[in-house]
Amino acid sequence: LNRASALETLPTSLMTKLSGERQRVVREVSRLSRSANFRQQVLQAYGHRCAVTRMQLKLVEAAHILPVAAGSESVDHVTNGLALSPTYHRALDRSLIYIGEDYAVHLNAEQAEHLKGLKLAAGLADFEKTLGKIHLPPDKNQWPDVRFIRKGNQARGIKV
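Residues numbered from 1 in each chain as written. Predicted model: local features only at pLDDT ≥ 70, side-chain atom pairs only at ≥ 80, totals over all residues. Heavy atoms only, no water.

A.B. asks: Looking at this structure, I do not really get the overall build of the protein chain. What am I missing?
C.D. replies: Regarding its fold elements, the protein chain presents 7 helices and 4 strands. In the protein chain, the succession of α and β elements from N to C terminus is α-α-α-β-β-α-β-β-α-α-α. Here the analysis covers contacts within the protein chain between residues at least 6 apart in sequence; of these, 62% occur between residues at least 24 apart. Accessible surface, the protein chain: about 9,800 Å² in total, of which carbon and sulfur atoms supply 52%. (Helix = DSSP H or I, 4+ residues; strand = E, 2+ residues; numbered from the N terminus. Contact = heavy atoms within 4.5 Å. Areas by Shrake-Rupley, 256 points an atom, 1.4 Å probe, with all protein chains shown as cover.)

Written out as C-alpha cells, the structure is:
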C-alpha cells in the first residue's frame, strides 16, 4: 500500500501474490493517490481558480480534458487538466461545452439543441455569455496540450 500510495508501479509478480481482495484494495489506493496528485497539480497550476470564471471560493475541481473513460491515453498530467467550477466541469463532461485548440470554451450547438428539444435550456443564453478564452497557467509548460484537446473532443463526440 505504501508503494501504491507513492504512485510506484507495482510489478505483476508482486500483485499476483496478493489475494483478490488485497489486489482490489491496492488498485483503489493507487487510483485515489493518482487522482489526488492530479487534482493538486492542476489546481496549483491555475492558482486554485476556475479557468473560465476565475472564481476560487474552494469550489474548483480538476477536470480531465481527455476523459479517463477514453482509456490509457488519458493521463493524470497537468497538461490533460483544467481547473473548473463544478458547473463547467459537468458541462464539459456532458459535452455541452468543449475546449477549442484556440484555448477558448465553446458551446456545443448539437447538445444545446438537444436541451432545447427537451425544454431544459433555461439559462443557456446567459451561460453561453460566460464562455470565451480560458485563463491559462503562468507556466506555459502547464498549458493544456492540444493533442489532449483534440482527442478529448473526439471522445466526447464533438464535431469541430
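A.B. asks: What is the right way to read helix α4 (residues 86–93) from this model?
C.D. replies: Helical periodicity: at 3.6 residues per turn, an α-helix aligns residues three or four positions apart in one direction. Turning to α4, its buried residues are Tyr88, His89, Ala91 and Leu92. Along the axis of α4, the buried positions cluster into a sector of 165 degrees, meaning they face one direction only. The elements touched by buried residues of α4 are β1 (61–64), β2 (81–84), β3 (97–99) and α6 (124–129). Two residues or fewer after α4 comes Ser95, characterised by a positive phi angle close to 65 degrees. (Buried < 20%, exposed > 50% of the residue type's maximum accessible area, 1.4 Å probe, protein only. Arc of directions from axis to C-beta.)

A.B. asks: What's the story with the side chain of Arg156 in this structure? I'm lost.
C.D. replies: As for its position among the elements, Arg156 is in the segment after α7 (146–155). Exposure remark for Arg156: the relative accessible area of 11% places this residue in the buried category. Beyond its immediate sequence surroundings of up to four residues, Arg156 is in contact with His64, Ile65, Pro67, Leu92, Asp93 and Ser95.

A.B. asks: Sorry if this is basic, but what is going on with helix α5 (residues 109–117) here?
C.D. replies: For α5, the side-chain oxygen to backbone nitrogen distance between the N-cap and Glu110 is 3.2 Å, and the N-cap itself is Asn108. After α5 finishes, the residue Lys119 shows a positive phi value of roughly 60 degrees. (Polar contact = N/O pair within 3.5 Å; in protein donor to acceptor, adjacent residues only side chain to side chain.)

A.B. asks: How should the nonpolar core be read in this particular structure?
C.D. replies: The nonpolar side chains of soluble globular proteins are, as a tendency, buried together. Judged by nonpolar contacts, the single largest core of 34 residues is most densely connected at Leu82, Leu84, Tyr88 and Ile97. With 4 residues, the top contributor of residues to this core is helix α3 (residues 20–45). (Core = buried A, V, L, I, M, F, W, Y, C linked by side-chain atoms within 4.5 Å.)

A.B. asks: Any chance you could explain a nonpolar patch on the surface here in plain terms?
C.D. replies: Residues Met55, Leu57 and Leu59 make up a contiguous nonpolar surface patch of about 320 Å² in total accessible area. As for its position among the elements, Met55 is in the loop between α3 and β1. (Patch = residues over 30% accessible without salt bridge, like charges linked within 9 Å, V, L, I, M, F, W, Y side chains within 5 Å. Salt bridge = Lys/Arg side-chain N within 4 Å of Asp/Glu carboxyl O.)

A.B. asks: Before we go on, may I ask you to explain the pattern of salt bridges in this structure?
C.D. replies: Where side chains of opposite charge bring their charged atoms close, a pairing between them can arise. In total, this model carries 6 salt bridges according to the counting rule given. With a closest N to O distance of 3.3 Å, Glu110 and Lys159 form a salt bridge. A residue pair is termed long-range when its members are at least 10 positions apart, and Glu110 in helix α5 and Lys159 in the segment after α7 qualify at 49 residues. Here Lys159 falls in the exposed class, since its relative accessible area comes to 66%. Among the ionic pairs, Lys116 bridges to Glu113, the shortest N-O distance being 3.4 Å. Highlighted residues: Lys116 and Glu113, both in helix α5, separated by 3 residues, approximately one helical turn. Owing to a relative accessible area of 44%, Lys116 belongs among the partly exposed residues under this scheme.

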